[in-house]
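Given next are the chains, with one letter for each unit.
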Amino acid sequence: MRPLPLIKLRIGALVMWRGQCVPIANRYVGRDCIRYLILTKDPKKGLVTDVNVTIGQLMAELCAHATWCVGDQVAIEYATRQVQARWWNCRTGTVMYRVNDLFDEGRNGGLVVDQQRLQQLVDKYAEVA
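The sections below set out a description of the structure shown in this document.

Criteria and cut-off values
The residue count restarts for each chain, going from 1 along the sequence in the order it is written. Side-chain atom pairs in this predicted model are given and counted only at pLDDT of 80 or more, local residue features only at pLDDT of at least 70, and totals for whole chains, interfaces and linings cover all residues. Only hydrogens and water are set aside; all other atoms, that is, all heavy atoms of the structure, feed into the side-chain values. By the criteria applied, helices consist of DSSP H or I runs no shorter than four residues and strands consist of E runs no shorter than two, each listed in order from the N terminus. Note on classification: 1.4 Å probe, protein chains only; a residue is buried when its accessible area is under 20% of the maximum for its type, exposed when over 50%, partly exposed between these limits. For this analysis, a polar contact is any N or O atom pair within 3.5 Å, provided that within protein one partner can donate a hydrogen and the other can accept it, and provided that sequence-adjacent residues contribute only side-chain to side-chain pairs. The contact criterion used throughout is that any non-hydrogen atoms of two residues lie within 4.5 Å. Think of a salt bridge as a Lys or Arg side-chain nitrogen and an Asp or Glu carboxyl oxygen that are within 4 Å of each other.

Digging into the side chain of D50
And step 1. With respect to the helices, strands and loops of the structure, D50 is situated in strand β4 (residues 46-53).
And step 2. Taking the relative accessible area as the measure of exposure, D50 reaches 12% and is therefore buried.
And step 3. Among the polar contacts listed, one links the side chain of D50 to the side chain of W17, at a separation of 2.6 Å.
And step 4. If we ignore the near neighbours within four places in the chain, the residues touching D50 are W17, R18, Y36, L37, I38 and T40.

So, in structure tokens, the structure goes:
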């Protein structure tokens, strides 16, 4: 039986950890899992080193950081639209969303924006409405 493929994030990839966007300092590849070394700054303690962080813990932190989930409705540009996809951009350290456009019925496509820009669009429409 072949083992499941492991998700490998590169060293230096930006991830969310302890509410901060920080790069991965090191990676340890084992037979059954991959563990990451992540360094964060705490105002009271200084530098905090977290060893043995798993991809599951990183995904949980990402879900806590993200504002919208796939399937959520967002009101922008005088219409209610739906979040079709959400992913993490390891190069820029932002959550990316694909939101359908007015003519997108079941097709792939639509508006692709980061979390900050989508929040600006939602806030702009809320001021107008």
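From this point, things continue past the structure.
Description of the pattern of salt bridges
Proximity of charged atoms lets side chains of opposite charge pair with each other.
And step 1. This model, assessed by the stated rule, comprises one salt bridge.
And step 2. With a shortest N-O distance of 2.8 Å, D50 and R18 are connected by a salt bridge. With a gap of 32 residues between them, D50 in strand β4 and R18 in the loop between β1 (14-17) and β2 (20-29) connect regions that are remote in the sequence.
And step 3. Residue R18 is classed as partly exposed on the basis of its relative accessible area of 48%.

What to know about the environment of T49
And step 1. Looking at where T49 falls in the secondary structure, it is placed in strand β4.
And step 2. It is 9.7 Å that separates the C-alpha atoms of T49 and A25, two residues lying 24 residues apart in sequence.
And step 3. Setting aside residues no more than four positions away along its own chain, T49 makes contact with L37, I38 and L39.

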